[in-house]
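# Observations on the model geometry
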Amino acid sequence: MQIRCQQCHKPYGVAKDAVFAALDEMEAESLHHYDFKCPHCRRVNRASHAELLRAAPDWHKEKDEETEDGDH
Ligand SMILES: [Zn+2]
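Fair warning: this is a prediction, and the values are worked out from it, not measured in the lab. (Residues numbered from 1 in each chain as written. Predicted model: local features only at pLDDT ≥ 70, side-chain atom pairs only at ≥ 80, totals over all residues.)

## Section: the overall build of the protein chain
Looking only at helices and strands, the protein chain has two helices and four strands in total. A burial count over the protein chain gives 10% of its 72 residues as buried. Excluding contacts between residues fewer than 6 apart, the proportion of contacts in the protein chain whose partners are at least 24 apart in sequence is 52%. (Helix = DSSP H or I, 4+ residues; strand = E, 2+ residues; numbered from the N terminus. Buried ≥ 20, exposed ≤ 12 C-beta atoms within 10 Å, placed from the backbone. Contact = placed C-beta atoms within 7 Å.)

## Describing the pairing of strand 4 (residues 44-48)
Of the strand pairs in this sheet, strand 3 (residues 33-37) and strand 4 are connected by five bridges, and their pairing is antiparallel. Across the sheet, residue Y34 finds its bridge partner in strand 4, namely A47. (Pairing = 2+ DSSP bridges.)

## With respect to the nonpolar core
Across soluble globular proteins, you tend to see nonpolar side chains buried next to one another. With seven residues, the main nonpolar core is built from V14, V19, A22, L23, Y34, A47 and L52. In terms of residues, this core owes the most to one element, helix 1 (residues 16-29), which gives three residues. (Core = buried A, V, L, I, M, F, W, Y, C linked by C-beta atoms within 7 Å.)

## Section: the environment of D17
Structurally, the position occupied by D17 is in helix 1. Sequence-wise, D17 and A56 are 39 residues apart; in three dimensions their C-alpha atoms are separated by 9.2 Å.

## Describing helix 1
Across its 14 residues, helix 1 extends 20 Å between first and last C-alpha, which sits within 8% of the 20 Å expected from 1.5 Å per residue. Three or more residues of helix 1 are buried, namely V19, A22 and L23. Down the axis of helix 1, the sector holding all buried residues measures 100°, keeping them to one side. Turned more than 90 degrees away from the buried face of helix 1 sit D17, A21, E25, A28 and E29, all of them exposed. (Expected span 1.5 Å × (residues − 1). Arc of directions from axis to C-beta.)

What follows is the structure, encoded as structure tokens:
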């Protein structure tokens with residue numbers, strides 16, 4: 001995903017892996033925003049959960065969704 005830094009106004013890309021990792025961490029810690037560090041000025045910019053989901057629509061919660069192989 002592409003983020004425009006609010007401090008230096010330069011755009012920078014965040015790899016999909018990093019977006020996935022961020023979503024995992026947000027899920028684990030119940031965060032609503034995630035801070036991505038700008039490579040230009042090293043300040044952080046906030047991305048909302050919704051924004052990240054839009055960037056990685058194929059991300060899925062890693063929760064215990066596995067149901068027992070019983071009769072359902
Ligand atoms: Zn910056």
